[in-house]
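A structural walkthrough
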Amino acid sequence: MTRPSWDEYFMEMAEVAEKRSTCTRRRVGAVIVKDNRIMATGYNGVPTGIKHCGERGCLREQLNVPSGQRHELCRGLHAEQNAIIQAAHLGQSIAGGTLYCTTQPCVICAKMIINAGILRIVIKQGYPDELSLEMLSEAGMVIETMA
């Protein structure tokens, strides 16, 4: 049996978090790690106490919004946002940490990640948001893609 690397281990955990997603368009999971310790996890979906899009319908689909555009036209939070919120709720410092995410962060999440002090992002797949990549690059963020 081959022991997974730390990156493989934490990405698998992000994939498990993704299974909790309530989004009807794209399932995403995230794990924030610091010193090889999990600080917080997140998946995309509506805020606590709000009807899931599976029950109510997807606003983005109803408005025919293309992927990677008009992020404000969504009832849900992104996995990265929920992980950052969870860390804050639990009083966990994530500055200096690594974000493992099954999809590249959008520009809104990128801005939050930069200001949260996360230094490294490991993703499984890309996302059509060039502004996100530009801002992360300008901030000196290390972004790695796992196969």
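Our subject is the structure listed above.
Throughout what follows, the structure given in this document is the object of discussion.

Calculation rules
- Residues numbered from 1 in each chain as written.
- Predicted model: local features only at pLDDT ≥ 70, side-chain atom pairs only at ≥ 80, totals over all residues.
- Heavy atoms only, no water.
- Buried < 20%, exposed > 50% of the residue type's maximum accessible area, 1.4 Å probe, protein only.
- Helix = DSSP H or I, 4+ residues; strand = E, 2+ residues; numbered from the N terminus.
- Pairing = 2+ DSSP bridges.
- Axes fitted to C-alpha atoms, helices over the stretch in contact; angles between N-to-C directions.
- Parallel < 35°, antiparallel > 145°, perpendicular 65-115°, else oblique.
- Left-handed = near helix turned anticlockwise from the far one by under 90°.
- Contact = heavy atoms within 4.5 Å.
- Nonpolar A, V, L, I, M, F, W, Y, C, P; charged D, E, K, R; others polar.

A separate point is the pairing of strand S1 (residues 29-34). Here S1 lies mainly inside the structure; five of its six residues are buried. From the end of S1 to the start of strand S2 (residues 37-43), which pair antiparallel, there are two residues, and Asp-35 there has a positive phi angle of about 55°. For S1 and strand S3 (residues 98-101), the ladder comprises four bridges, and the chain directions are antiparallel. In the strand pairing of S3, Val-33 is matched with Thr-98.

Turning our attention to the packing of helix H4 (residues 79-90) against helix H5 (residues 107-116). It is at 9 Å that the axes of H4 and H5 come closest, and there the two elements cross at 30°. Considered as vectors, H4 and H5 are oriented roughly parallel to each other. As H4 packs across H5, the resulting crossing turns out to be left-handed. Only Ile-108, Cys-109, Met-112, Ile-113 and Ala-116 of H5 make contact with H4, whose side of the interface consists of Glu-80, Gln-81 and Ile-84. Residue composition of the contact of H4 with H5, by class: six nonpolar, one polar and one charged.

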